[in-house]
Amino acid sequence: MLKKALIILTLSSVVAVPSVAAQAQGAALPLQEKAPVSAKAIIKNAAFGQEVWVMLGSPIPTGWVVIRSSGNMNLIKDLNNAPAGYEVWVMLGSPIPDGWVVIRSSGNMNQIKNLNNASSEQEVWVMLGSPIPDGWVVIRSSGSMNLIKNLNNASSGQEVWVMLGSPIPDGWIIIRSSGTMNLIKRL
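Here the structure is a predicted model, which is why all the values come from computation and not from measurement. (Residues numbered from 1 in each chain as written. Predicted model: local features only at pLDDT ≥ 70, side-chain atom pairs only at ≥ 80, totals over all residues. Heavy atoms only, no water.)

## A look at the overall build of the chain
In terms of helices and strands, the chain carries two helices and twelve strands. Written out in order from the N terminus, the α and β elements of the chain read α-α-β-β-β-β-β-β-β-β-β-β-β-β. Burial status across the chain gives 33% buried among its 187 residues. Taking the contacts inside the chain whose residues are at least 6 apart along the sequence as the reference set, 33% of them involve residues at least 24 apart. Here the chain displays about 11600 Å² of accessible surface, and carbon together with sulfur accounts for 57% of that area. (Helix = DSSP H or I, 4+ residues; strand = E, 2+ residues; numbered from the N terminus. Buried < 20%, exposed > 50% of the residue type's maximum accessible area, 1.4 Å probe, protein only. Contact = heavy atoms within 4.5 Å. Areas by Shrake-Rupley, 256 points an atom, 1.4 Å probe, with all protein chains shown as cover.)

Here it is as structure tokens:
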């Protein structure tokens, strides 16, 4: 009797398992029928904050950054139209969009900040080697950081002391030099 029960149990499992597997595969079919959305289509129609995985070595579109890497793929994020002051961690080697600066570094990541549309006269500490946006100057340096200041929309005749080597914005001239500083004036 026990032998007969074991044989019936074995036969029923052989019959039942394939039917369960077929049902499970059938349940998965509708998900598999969806065509995958290409990275190119996502990037073309992206809005701020959109993320997409691309192959290593793939060109990174303007305004996008690499926020994660895994195996042979990079996760990129659209920063176009980001709000002023927005901050995000990016991988070392990621492109830095125009108007963004590196404010912190940790291991293989940099924290970047959007200075586009920043208020006039705003000051921000940035890492040495960070890009300096147009219209910004270096007014102080301390160890591995530079303090930069926004001179966009400054009034005519305004004077500012900047570090030697600081970019000089269009419409400004150097009127005096002293030690490690230059005094610049808006025309």
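Back to the text.
## Points about the nonpolar core
Residues Val 65, Ile 67, Leu 75, Leu 79, Ala 82, Val 88, Val 90, Trp 100, Val 102, Ile 112, Met 127 and Met 145 constitute the largest nonpolar core, which totals twelve residues. Elements represented by at least two residues in this core include exactly β2 (64-70), β4 (87-91) and β5 (100-106). Residues contacting Val 65, with those up to four places away along its chain left out, are Ile 60, Leu 75, Ile 76, Lys 77, Leu 79, Val 90, Ser 94, Pro 95, Pro 97 and Ile 112. Core analysis: the second largest hydrophobic core is formed by eleven residues, Val 101, Ala 118, Val 124 and Val 138 among them. (Core = buried A, V, L, I, M, F, W, Y, C linked by side-chain atoms within 4.5 Å.)

## Overview of the pattern of salt bridges
Tallied over the entire structure, the rule returns two salt bridges. With a shortest N-O distance of 3.8 Å, Glu 87 and Lys 113 are connected by a salt bridge. Note that Glu 87 is positioned in strand β4 and Lys 113 in strand β6 (residues 109-114), a separation of 26 residues in sequence. A residue is classified by how much of its surface remains accessible, and Lys 113, at 18% relative accessible area, is buried. Of the charged contacts in the structure, one is a salt bridge between Lys 149 and Glu 121, with a shortest N-O distance of 3.1 Å. On the criterion of sequence distance, the pair formed by Lys 149 in strand β9 (residues 145-150) and Glu 121 in the loop between β6 and β7 (123-127) is long-range, its members being 28 residues apart. Among the residues examined, Lys 149 registers a relative accessible area of 13% and is labelled buried. Residue Glu 121 is classed as partly exposed on the basis of its relative accessible area of 32%. (Salt bridge = Lys/Arg side-chain N within 4 Å of Asp/Glu carboxyl O.)

## Looking at the sheet that holds β5
A sheet is described by the order of its strands in space; here three strands give the open sequence β4-β6-β5, paired in antiparallel fashion. The open sheet terminates on both sides in strands that have one partner only, identified here as β4 and β5. Between one strand and the next, the sheet's axes are offset by a mean angle of 30°, whatever the strand orientation. Looking at chain direction, β5 and β6 are connected through six bridges and run antiparallel. Across the sheet, residue Val 102 finds its bridge partner in β6, namely Ile 112. (Pairing = 2+ DSSP bridges. Axes fitted to C-alpha atoms, helices over the stretch in contact; angles between N-to-C directions.)

## Topic: the packing of aromatic side chains
Under the definition given, this model contains two aromatic pairs. Here Phe 48 and Tyr 86 contribute two aromatic rings whose centre-to-centre distance is 5.0 Å and whose plane-to-plane angle is 85°, an arrangement assigned as edge-to-face. Taken together, the residues Phe 48 in the loop between α2 (39-44) and β1 (51-55) and Tyr 86 in the loop between β3 (73-78) and β4 connect sequence positions 38 residues apart. Look at Phe 48 and you get partly exposed, because its relative accessible area is 33%. (Phe/Tyr/Trp six-rings, centres within 6.5 Å; stacked < 30°, edge-to-face > 60°.)

## Thoughts on the side chain of Lys 77
Within the element layout of this structure, Lys 77 appears in strand β3. It is Glu 51 that comes nearest to the buried, bridge-free Lys 77 among opposite-charge side chains, at 4.1 Å. In this structure the side chain of Lys 77 is engaged in a polar contact, spanning 3.0 Å, whose partner is the side chain of Tyr 86. Apart from the residues within four sequence positions on either side, Lys 77 is in contact with Gly 49, Gln 50, Glu 51, Gly 63, Trp 64, Val 65, Ile 67, Tyr 86 and Val 88. (Lys, Arg positive; Asp, Glu negative; His and termini not counted. Polar contact = N/O pair within 3.5 Å; in protein donor to acceptor, adjacent residues only side chain to side chain.)

## Observations concerning the environment of Ala 84
Mapped onto the secondary structure, Ala 84 falls in the loop between β3 and β4. On the basis of relative accessible area, Ala 84 is assigned to the partly exposed category, the value being 48%. Ala 84 sits 16 residues away from Trp 100 along the chain, and the two C-alpha atoms are 9.7 Å apart. Once you skip the residues sitting within four places of it in the chain, Ala 84 turns out to touch Asn 114, Asn 116 and Asn 117.

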